[in-house]
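Summary of structural features
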Amino acid sequence: MKLMLHVSPGIVRYPLIASVILETEALVNIERASIDAVSGEIVLEVPAEKCPEVKAAFEKRGVRVVPLEIPVVRDENECVHCGACVSICPTRTFRFEDWRVMADSGRCIQCGACVIGCPQRALKLVLK
Amino acid sequence: MPTFGRPVQEKSLSEINERIRDGSARVVTAEEMPDIVDELGPAEAVREVDVVTTGTFGAMCSSGVFLNLGHSDPPIKIGRAFLNRVEAYGGIAAVDLFLGATQPSEDRGIEYGGAHVMEDLVSGKQIEVDAFGVGTDCYPQTELETCLRLDDFNQAVMVNPRNAYQRYNAATNTSDRTMHTYMGTLLPRVGNIHYSGAGVLSPLSNDPNFDYIGVGTRIFLAGAQGYIMGTGTQHNPQSGFSTLMVTGDMKKMSSRFLRAATFHKYGPSLYLGIGIPIPILNEKLARSTAVRDRDITVPIVDYGIPRRDRPSLKAVSYEDLKSGIIELSGKEVATSSLSSFLMAREVAAMLKQQVEKGEFAITCPVEPLSRLGSSRPMKQTKESPNVGDVMSCDVVTVREDIGVDEAARLIVSGSFDHLPVISKDGRLIGIITTWDISKAVAGGKPSCIGEIMTRRVYSIRADEPIEIAARTFDVHSISAMPVVDRDNKVIGMITSNHLSRLLARRR
């Protein structure tokens, strides 16, 4: 299961992930992190059974946590199933099934490569 | 033509149309045909099958529409016109316009363009028209604004100079940056392969010798019945890249098969669904419509090289491309398409249904398509200088073990703000700038330049046009780069000063 963390200005310098790992003993994997001087956006892969605990631990520290259940939002009226999103996705979220483009949940790290790569402008990130 | 042993199986077009009219025609798609021919053989397939329907659905940039607005009162002779702020060509009669698919809008840039205006019109939306005229005795009005829907135009005739490519080069990128092209996002260092075209369903791949397809052939064009006007631009059947020029009534088109698109950092384009029914008149057509994905090959072309003659890395078939993975220089590379095979299938299936129902009669072409075409490079009469013509040759290079203070002295005594750093055998491995040195001095501890140099260094060859240098400067926000030879040895430097001097001299 993937969790997206929104880290606000006040706590971005605090070792949040390390402290949550120590507290929950969850084996998390940092899949994407963009952090600047004032805020941060981090995508974590967390074992499913540890998810509620990890989520609560971050929320206790003032981090907004969004579980990434849907990979990306697709406008079905716009999608023509061309496949422009398939090979550019770093986590292989998309695949063809009888020439229909399918998206697997739980793989997307919200990088947005498919959003700009889609010629039909059919894709949107969950949180944007 | 006499053949010995058995008669050649043939059938006339009127015979086939007769069957279409009485609903007894046997119609299959080009995806179903190969198995039928394999099983029955071509002669029996001619007896069995009347029509094979083909289909393709992909980006067709070379598309547009002629629009007639009707005359205003007082009349205007339109010179420039904007439809939803997208410029349409007005250099024809007073209220005729040509709107091209790739024209970007004045206000929204490439996110909205000519293709989007077409999709809006076909979807029944109203568009804003701003027209400007010169003012003449017969056309006194000089400016007008109006709002129109597709029904309000007298005519909306799609005329596409180049559609339905027989097959198309696949694309990859060996450079070390992501490229945004009309072949989609191409990841660096051969990160992916993109392809386009329907392969087994491709109309022209099912009749590459034009045994049926010709001038006047009735086709499925974005849901309407359109016609082939002739060969398309860059038609090149000799090398297997034939194209079509097609026309059709936009008022009868469907927004399901006409979709506006935008390629990131490239521009607008139009996705169109095109299908051609091929009557199985003889064994030759039975054989050519039995083509499979594995029979149609294309080169994988390197779009990382920003030149006309891009190197091709490998020849692959549509079967390989559709498998999702291709091995390229020892690495498994993911492939995906930009055209939609799902929609191409829908086109072929819909056309099959229309023929079966007797709604789509097969026309007899007026003339076959030309088997000779031309896709030559442009004749360029004004020579543009190459990097080698403007670069400086008196370049100072350094090794990475020299001290920062020595590098500083060299920069002060030389004529550049940049020092290329080379390896023992003279190959370019990095670059050091005055900024790197200032930063190092401000930080106060580095000993040799190897620690502070930029290793991701951009370079160029002397035989490349200066336009390529200018684009590299612009894309990476740099102002100079080393010029290297085939062995990556530094032979000169080119800077933005060289380019601006050239511009100043021209004016």
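Here is a short report on the structure shown in this document. Quick caveat: nothing in here was measured; it's all calculated off a predicted structure.

What counts, and where the lines are drawn
Residues numbered from 1 in each chain as written. Chains lettered and ligands numbered in written order. Predicted model: local features only at pLDDT ≥ 70, side-chain atom pairs only at ≥ 80, totals over all residues. Heavy atoms only, no water. Contact = heavy atoms within 4.5 Å. Buried area = accessible area lost by both parts, 1.4 Å probe. Salt bridge = Lys/Arg side-chain N within 4 Å of Asp/Glu carboxyl O. Buried < 20%, exposed > 50% of the residue type's maximum accessible area, 1.4 Å probe, protein only. Helix = DSSP H or I, 4+ residues; strand = E, 2+ residues; numbered from the N terminus. Pairing = 2+ DSSP bridges. Polar contact = N/O pair within 3.5 Å; in protein donor to acceptor, adjacent residues only side chain to side chain. Arc of directions from axis to C-beta. Axes fitted to C-alpha atoms, helices over the stretch in contact; angles between N-to-C directions. Parallel < 35°, antiparallel > 145°, perpendicular 65-115°, else oblique. Left-handed = near helix turned anticlockwise from the far one by under 90°. Disulfide = S-S within 2.5 Å. 1 Å grid on protein atoms, 1.4 Å probe; cavity = no way out; pocket = protein on both sides within 12 Å on 5 of 7 lines; lining within 4 Å. Points joined across faces, edges and corners; volume = space filled by probe spheres on them. Nonpolar A, V, L, I, M, F, W, Y, C, P; charged D, E, K, R; others polar.

1. Considering the interface of chain A and chain B
Between chain A and chain B, the residue contacts involve 22 residues of the former and 29 residues of the latter. Of the roughly 1,900 Å² buried at the junction of chain A and chain B (both faces included), carbon and sulfur atoms supply 53%. Applying the counting rule to chain A against chain B returns two salt bridges. Glutamate 111 of chain B is the salt-bridge partner of arginine 121 of chain A, the closest N and O atoms lying 2.8 Å from each other.

2. Some words on the pairing of strand β26 (residues 325-328) of chain B
Residue and element names in this part refer to chain B. The side-chain alternation of β26 yields one buried face, formed by Ile326 and Leu328, and one unburied face, formed by Ile325 and Glu327. The pairing of β26 with strand β27 (residues 331-337) spans four bridges and is antiparallel. Its bridge partner being in β27, isoleucine 325 is matched across the sheet by alanine 334. Counting the residues that bridge the hairpin from β26 to β27 gives two residues, and of these serine 329 lies at a positive phi of roughly 40°.

3. Remarks on the side chain of threonine 24 of chain A
Residues and elements named next belong to chain A. Mapped onto the fold, threonine 24 is located in helix α1 (residues 16-24). Residue threonine 24 is classed as buried on the basis of its relative accessible area, which comes to 2%. From its side chain, threonine 24 meets the backbone oxygen of valine 20 in a polar contact 2.8 Å long. Setting aside anything within four residues of it in sequence, one finds threonine 24 in contact with Lys50, Glu53, Val54 and Ala57.

4. So, the pattern of salt bridges
Residues and elements named next belong to chain B. Applying the stated rule across the entire model yields 32 salt bridges over all chains. We note a salt bridge from arginine 80 to glutamate 87, for which the minimum N-O separation is 3.2 Å. By relative accessible area, which is 24% here, glutamate 87 ends up partly exposed. Aspartate 249 is paired through a salt bridge with lysine 252; the nearest N and O atoms lie 4.0 Å apart. For aspartate 249, a relative accessible area of 28% puts it in the partly exposed group. A relative accessible area of 60% places lysine 252 in the exposed class.

5. A look at helix α10 (residues 466-476) of chain B
Residue and element names in this part refer to chain B. Within the span of α10, buried status applies to Ile466, Ile468, Ala469, Thr472 and Phe473. Buried residues of α10, viewed axially, fall in a sector of 155°; they line one side. Of the exposed residues in α10, the ones pointing more than 90 degrees away from its buried face are Arg471 and Asp474. Serine 477 sits one or two positions beyond α10 and adopts a positive phi of about 50°.

6. Thoughts on the packing of α1 of chain A against helix α2 (residues 51-60) of chain A
All names here are of chain A. For the pair α1 and α2, the least separation of the axes is 10 Å and the interaxial angle reads 135°. Classed by the angle they form, the pair α1 and α2 counts as oblique. For the crossing formed where α1 meets α2, the hand is right-handed. Here Leu16, Ile17, Val20, Glu23 and Thr24 of α1 lie close against α2, whose contacting residues are Glu53, Val54, Ala57, Phe58 and Lys60.

7. Some points on the state of the cysteines
All names here are of chain A. One pass over the full model with this rule turns up zero disulfides over all chains. The thiol of cysteine 85 is not disulfide-bonded; the next cysteine sulfur, from cysteine 114, is found 6.5 Å away. What makes cysteine 85 buried here is its relative accessible area of 10%.

8. Side note on the pairing of strand β2 (residues 29-35) of chain A
Residue and element names in this part refer to chain A. Bridge count for β2 against strand β3 (residues 40-45) is six bridges, and the pairing is antiparallel. Among the inter-strand pairings, alanine 33 is bridged to a residue of β3, identified as isoleucine 42. Between β2 and β3, which follow one another and run antiparallel, lie four residues.

9. Examining the sheet that holds strand β30 (residues 418-422) of chain B
All names here are of chain B. Strand order in this open sheet of three strands is β29-β30-β31, and the pairing throughout is mixed. A single partner strand is all that each edge strand has here, and the edge strands are β29 (398-399) and β31 (428-433). For β29 and β30, the ladder comprises two bridges, and the chain directions are parallel. When the sheet's bridge partners are listed, valine 398 is paired in β30 with valine 421.

10. Describing empty space enclosed by the protein
All names here are of chain A. In the structure shown here, the tally under the stated rule is four cavities of 30 Å³ or more. Here the largest cavity defines a volume of roughly 110 Å³. Lining the largest cavity are 15 residues; nearest its centre among them are Cys79, Cys82, Cys85, Cys118 and Leu123. What lines the second largest cavity is a set of 14 residues, among which Cys89, Thr93, Cys108, Cys111 and Cys114 lie closest to the centre. For the lining of the second largest cavity, the class distribution of residues is ten nonpolar, four polar and no charged.

11. Describing the sheet that holds strand β1 (residues 27-29) of chain B
Residue and element names in this part refer to chain B. The strand order across the open sheet formed by three strands is β1-β2-β23, and the pairing between neighbours is mixed. Pairing within the sheet leaves two strands with one partner each, and these edge strands are β1 and β23 (277-279). Along the sheet, successive strands turn relative to each other by an average axial angle of 25°, direction set aside. Direction of pairing for β1 relative to strand β2 (residues 51-53): parallel, over a ladder of three bridges. Bridge pairing links valine 27 to valine 51 in β2. Packed on one face of the sheet, helix α6 (residues 341-356) meets β1, β2 and β23 and runs near 175° to β1.

12. Some points on the side chain of arginine 61 of chain A
All names here are of chain A. Mapped onto the elements of the fold, arginine 61 is located in the loop between α2 and β4 (64-67). Side chain to side chain, arginine 61 and serine 19 meet in a polar contact 2.9 Å long. Apart from residues lying up to four places away in sequence, arginine 61 is in contact with Ile11, Leu16, Ser19, Val20 and Glu23.

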